Each structure stands twice: as C-alpha cells, then as structure tokens.
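If you want the building blocks of each chain, they are given just below.
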Amino acid sequence: MRREVIHWQEAAARANAEVARVTREADAYKAGHKNGREDVISIMPLIVAAQQRSAGEARAGGDQR
C-alpha cells in the first residue's frame, strides 16, 4: 500500500512539474506573439507608404510608353 501511495505522489509531482513547464511555455509564446504584433503595427505606416510609392511609380511609368 505504501508503494502505491509513493507511486501516485511521484506521478502527481511529475504532473505538477509539467503544468509549470507548459504554463511557462504558454507565457513565453504569448509575450512573443504580443511583441510580434506590436512590431507589425509599428511598421504598417512604412509598408503602406512603400506600396503607395510603388503604385505611383508604376502608374507614372505606364504613362511614358
């Protein structure tokens, strides 16, 4: 009986360690996702401006033919 109790205590300890690991991993993923999203939001004006510039050049180039 004592061996079985020890077995389940060890299993519970392993499960708790896995929960802690998965929680840390999820927190790191969320932080990275948030940083990536903020990076994209911050560069969107540059991307839009570059696309508008490119579209304007394409139209200007098409008029010269």
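Note that this is a predicted model, so its numbers are computed, not measured.

Asker: Describe in detail the overall build of the protein chain, supporting the description with residues and values.
Answerer: Regarding its fold elements, the protein chain presents one helix and zero strands. Against the compact-globule benchmark of 11 Å for 65 residues, the protein chain has a radius of gyration of 28 Å, which places it well outside the compact range. Projected onto the principal axes, the alpha-carbon positions of the protein chain cover approximately 90 × 20 × 5 Å. Residues classed as buried in the protein chain amount to 0% of the 65 residues present.

Asker: Summarise the pattern of salt bridges; cite the residues concerned and give the values.
Answerer: Pairing is possible between side chains of opposite charge, provided their charged atoms come close. Applying the stated criterion across every chain, the model contains four salt bridges. In this structure, the salt-bridge partner of E25 is R21, at a minimum N-O distance of 2.8 Å. Here E25 pairs with R21, and both are found in helix 1 (residues 2-63), just four residues apart, close to one helical turn. For R21, a relative accessible area of 35% gives the class partly exposed. Here D27 makes a salt bridge to K30, at a shortest N to O gap of 3.6 Å.

Asker: A description of a nonpolar patch on the surface should follow, citing residues and the corresponding values.
Answerer: Taken together, the side chains of V40, I43, M44, L46, I47 and V48 define a hydrophobic patch exposed on the protein surface, amounting to about 480 Å² of accessible area. Inspection of the secondary structure puts V48 in helix 1. Note on V48: relative accessible area 33%, which makes it partly exposed.

Asker: Pulling in residues and values, what's your account of the environment of A58?
Answerer: Considering the arrangement of structural elements, one finds A58 in helix 1. With 23 residues separating them in the primary sequence, A58 and N35 have C-alpha atoms 34 Å apart.

Asker: Explain the environment of H33 to me, using residue names and the numbers behind them.
Answerer: For H33, the location among the structural elements is in helix 1. Note on H33: relative accessible area 43%, which makes it partly exposed. In sequence terms H33 and G56 are 23 residues apart; their C-alpha atoms lie 34 Å from each other.

Calculation notes
Here the residue numbering is sequential within each chain, running from 1 through the sequence in written order. In view of the model being predicted, local features appear only for residues whose pLDDT reaches at least 70, and side-chain atom pairs are presented and counted only at 80 or more, with totals across whole chains, interfaces and linings using the full set of residues. With hydrogens and water excluded, all non-hydrogen atoms of the structure serve as input to the side-chain values. Note on conventions: DSSP H or I runs of at least 4 residues are helices, E runs of at least 2 residues are strands, and numbering of each starts at the N terminus. Put simply, the radius of gyration uses C-alpha atoms, and a globule should come to 2.2 Å times the residue count raised to 0.38. For every residue, the accessible area (1.4 Å probe, protein chains only) is compared with the maximum for its type, and the residue is labelled buried under 20%, exposed over 50%, or partly exposed between those bounds. Just to be clear on terms, a salt bridge is a Lys or Arg side-chain nitrogen sitting within 4 Å of an Asp or Glu carboxyl oxygen. For patches, a residue must show more than 30% relative accessible area and have no salt bridge; joins then use 9 Å for like charges and 5 Å for nonpolar side chains, namely Val, Leu, Ile, Met, Phe, Trp and Tyr. Accessible surface area values rest on a Shrake-Rupley calculation with a 1.4 Å probe, where residue burial reflects the displayed protein chains alone.

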